[in-house]
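# Per-entry structural report
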Amino acid sequence: MKIGIDIDNVISNMDDTLLNEYLKHDKELRGTGIINHNPYNVRCGMFDWSKEEEETFYKENIERMAKDFRPLNGAKRIINKLKSDGNDIYIISGRDNGEYSEPREMTEEWLKKYEINYDELILTNAYDKHAKTIECKRYKIDIMIEDNIATCQDLKENGIQVLLMNTRYNQENKELERALSWNDIYSKISNLY
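These numbers come from a predicted model, not from an experiment.

### Here we look at the packing of helix H1 (residues 14-29) against helix H2 (residues 51-68)
The contact between H1 and H2 brings their axes to 10 Å, and the two run at 130 degrees. In terms of orientation, H1 lies oblique with respect to H2. Crossing angle aside, the handedness with which H1 passes H2 is right-handed. Touching Met14, Thr17, Leu18, Glu21, Tyr22, His25 and Leu29 of H1 are Glu53, Glu54, Phe57, Tyr58, Ile62, Arg64, Met65 and Asp68, all from H2. Residue composition of the contact of H1 with H2, by class: eight nonpolar, two polar and five charged.

See the structure below:
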């Protein structure tokens, strides 16, 4: 089976890292802390920053922060198990979006550092909700593991089976199956063999 897997908030702990970095920066800005404990995501209304303040901090720091992301609990073990089960693993990430100076090199180094086995790395533009669908169709991906609801819906509408990774911002989705942990994902995929 050909399995596509996103990186940020699927393999990596992007939101946890952003939250820690945003809390540090907030102390430098005003020290008001979290004003909304239930925002859509860390970047959208959790702090009392202006849109410009948030965007500037993100753009100036995302590359540094991305290098510090760690794999989510169970991600490495399950991905490597899926690979050893004979599946082809395609890492499909929206990191080719202008936020990183060398997105391919940075991502390859990160995957190597954490010993995540894969067959192919495909980078798309995160701001184009159709980009991953196009690549999944091109590579004939059987199932995609993704966190973004809009991307999941586009994949599903185009006949690609999708599993939604559990994140803070997709808990209330009504259009897709419930969000899953890595153990749930392995169970679902292994039942397809």
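### Concerning unusual backbone geometry
Unlike most non-glycine residues, Asn9 shows phi in positive territory, near 70 degrees. Tracing the backbone shows Asn9 in the loop between strand E1 (2-5) and H1. Despite not being glycine, Lys140 shows a phi value in the positive range, around 55 degrees. With respect to the helices and strands, Lys140 occurs in the loop between helix H5 (131-138) and strand E4 (143-146).

### Some thoughts on the sheet that holds E4
Pairing is parallel across the open sheet formed by five strands, whose spatial order is E3-E2-E1-E4-E5. Strands at the two margins of the open sheet, each flanked by one partner only, are strand E3 (120-123) and strand E5 (161-164). Mean inter-strand twist for the sheet, computed between neighbouring axes without regard to direction, equals 20 degrees. With three bridges connecting them, E1 and E4 associate as parallel partners. Across the sheet, Ile3 pairs through a bridge with Ile143, a residue of E4. The sheet contacts of helix H6 (residues 149-157) involve E4 and E5, and relative to E5 the element is tilted by about 160 degrees. Contacts from helix H7 (residues 182-190) reach E1, E4 and E5, with the element oriented near 170 degrees to E4.

Reading the values: rules and limits
- For every chain, the first residue of its written sequence is number 1, and the numbers climb from 1 along that sequence.
- Local features in this predicted model are restricted to residues of pLDDT 70 or higher, and side-chain atom pairs are both shown and tallied only at a pLDDT of 80 or more, whereas totals for entire chains, interfaces and linings draw on every residue.
- By convention in this description, side-chain values take in all heavy atoms of the structure and omit both hydrogens and water.
- Here an axis means a line fitted to C-alpha atoms, over the contact stretch when the element is a helix, while the angle between two N-to-C directions is reported on a 0 to 180 degree scale.
- Secondary structure elements are defined from DSSP: runs of H or I of at least 4 residues count as helices, runs of E of at least 2 residues count as strands, and each element is numbered from the N terminus.
- Here is the rule for angles: anything less than 35 degrees is roughly parallel, anything more than 145 is roughly antiparallel, 65 through 115 is roughly perpendicular, and the remaining ranges are oblique.
- Note on convention: the crossing is left-handed when the near helix lies turned anticlockwise from the far helix by less than a right angle, right-handed when the turn is clockwise.
- Here a residue-residue contact requires only that any non-hydrogen atoms of the pair lie within 4.5 Å.
- Each residue gets one of three labels, nonpolar for Ala, Val, Leu, Ile, Met, Phe, Trp, Tyr, Cys and Pro, charged for Asp, Glu, Lys and Arg, and polar for the others, Gly among them.
- Paired strands, in this sense, are two strands between which DSSP finds at least two bridges.

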